[in-house]
Amino acid sequence: MADQPTYPGIPRLAKLQGILAAILILIVVAMSTGLIGMGGHGTDETMGGHAMPAGGHR
Amino acid sequence: MTMAPALRKFALTAHIVSSIGWAGALAAFLVLAAAGLTSQNTPTVRVAYVASDLITWYAIVPLAIASLVTGIVQALATPWGLFQHFWVVIKLVIVAAATFMLLMKTGPIGYIADRAAEGALSPTDLMGLKISILAHAVGGLLVLLWAAALGMYKPRGLTRYGWRKARQSEREQLTG
């Protein structure tokens, strides 16, 4: 009886790109929660010293 | 889910046009953001941010959403599938992240455009925000180039789910 074929695994290039994509997601999440940089809910400080009206301009 | 060949070609055309249009509009935005950050000419700075807000709302956002939606339709309606190949999954994740980031940035872009339109923006005002807008445009363009390369080269590599589907399809062909 032939051996059951097994999953060949994740290619190295896919692993590398997966890591890069994960870093991108982390940056997006950190920015959206205000942990780093400037998210959609900027503060006086992150807006360069000028408060943005609540809810943006629209 | 399968599509008639004519409809599939239309969907592919819509996906390519919206994706390339997104990258092109973002490149134009990048030029304006760079001019807004570096120019010492007050009218140039103000016009740059007013124009960048218009480009954001009437070109970049619609094209980004169209690219994401047509990409998902394209994946679901072809044998590639949405979760069967690593390149498709990675492309979906990075394009979705770029779209989310773009939507988050519309507030700050609109804010600086409003300041510019009111005549209350000088070349030295809001430097942190100006740098942030330029940096996000550069980052966004890099992500779009990455996505374009994935779509063009389609690097090999099945997900575990895709591998199971492929095996199942092989078995069906042998028995059927």
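Residues numbered from 1 in each chain as written. Chains lettered and ligands numbered in written order. Predicted model: local features only at pLDDT ≥ 70, side-chain atom pairs only at ≥ 80, totals over all residues.

### Focus: the overall build of chain B
What chain B contains, in helices and strands, is five helices and zero strands. From first element to last, N terminus to C terminus, chain B shows the α and β order α-α-α-α-α. Over its C-alpha trace chain B gives a radius of gyration of 20 Å, far above what one expects of a compact globule, namely 16 Å for 176 residues. A total of 176 residues make up chain B; the buried ones form 36% of that total. In chain B, once contacts between residues fewer than 6 apart in sequence are set aside, the share between residues at least 24 apart is 81%. (Helix = DSSP H or I, 4+ residues; strand = E, 2+ residues; numbered from the N terminus. Rg over C-alpha atoms; globule rule 2.2 N^0.38 Å. Buried ≥ 20, exposed ≤ 12 C-beta atoms within 10 Å, placed from the backbone. Contact = placed C-beta atoms within 7 Å.)

### What to know about the nonpolar core
B:Tyr49, B:Ile60, B:Ile94, B:Ala98 and B:Ile112 are the most contacted members of the largest nonpolar core, which has 39 residues in total. Elements with a contribution of two residues or more to this core: α1 (12-32) of chain A together with α1 (5-38), α2 (42-76), α3 (86-117) and α4 (127-153) of chain B. In this view, B:Ile112 contacts B:Tyr49, B:Leu121, B:Leu126 and B:Leu129; residues no more than four positions away in its chain are not counted. (Core = buried A, V, L, I, M, F, W, Y, C linked by C-beta atoms within 7 Å.)

### Comments concerning the packing of α1(A) against α3(B)
The N-to-C vectors of α1(A) and α3(B) enclose an angle of 20°; their axes lie 10 Å apart at closest approach. What the angle tells us is that α1(A) and α3(B) run roughly parallel. You can see that α1(A) and α3(B) cross each other, and the crossing is left-handed. Taking contact as the criterion, the partners of A:Ala14, A:Gln17, A:Gly18, A:Ala21, A:Leu24, A:Ile25, A:Val28, A:Met31 and A:Ser32 in α1(A) are, on α3(B), B:Phe86, B:Ile90, B:Val93, B:Ile94, B:Ala97, B:Phe100, B:Met101 and B:Met104. (Axes fitted to C-alpha atoms, helices over the stretch in contact; angles between N-to-C directions. Parallel < 35°, antiparallel > 145°, perpendicular 65-115°, else oblique. Left-handed = near helix turned anticlockwise from the far one by under 90°.)

### Brief notes about the confidence of the model for chain B
Parts of the prediction with low pLDDT should not have their coordinates interpreted in detail. Residues of chain B with pLDDT of at least 70 account for 99%, and the chain-wide mean is 95. The element-level mean pLDDT for chain B is lowest in helix α5 (residues 160-175) of chain B, coming to 91, with α2(B) highest at 97. (pLDDT = per-residue confidence, 0-100.)

### Points about α5(B)
In a regular helix each residue adds 1.5 Å, so 16 residues correspond to 22 Å; α5(B) covers 23 Å between its end C-alpha atoms and thus fits that length. Of all 16 residues that make up α5(B), one are buried, and the element is exposed over most of its length. (Expected span 1.5 Å × (residues − 1).)

### A look at α1(A)
Relative to the 30 Å expected for 21 residues at 1.5 Å per residue, α1(A) spans 30 Å between its end C-alpha atoms, a close match to the ideal helical length. Listing the buried residues of α1(A) in full gives A:Ala14, A:Gln17, A:Leu24 and A:Met31. End-on, the buried residues of α1(A) take up no more than an arc of 110°, which puts them together on one face. Turned more than 90 degrees away from the buried face of α1(A), the exposed residues are A:Arg12, A:Leu16, A:Ile19, A:Ala22 and A:Ile23. The elements touched by buried residues of α1(A) are α3 and α4 of chain B. Looking one or two residues beyond α1(A), the residue adopting positive phi is A:Gly34, at roughly 80°. (Arc of directions from axis to C-beta.)

### A few points about the packing of α1(B) against α2(B)
All names here are of chain B. Direction vectors running N to C along α1 and α2 enclose 160°, while the axes themselves pass 8 Å from each other. When the interaxial angle is binned, α1 and α2 end up roughly antiparallel. Pair α1 / α2 crosses with left-handed handedness.

### A look at unusual backbone geometry
Residue and element names in this part refer to chain B. Phi is positive for Leu126, close to 50°, though the residue is something other than glycine. With respect to the element layout, Leu126 can be found in the loop between α3 and α4. The backbone of Lys154 shows a phi angle near 45°, a positive value even though the residue is not glycine. Note that Lys154 resides in the loop between α4 and α5. You can call Lys154 partly exposed: it has 13 C-beta atoms within 10 Å.

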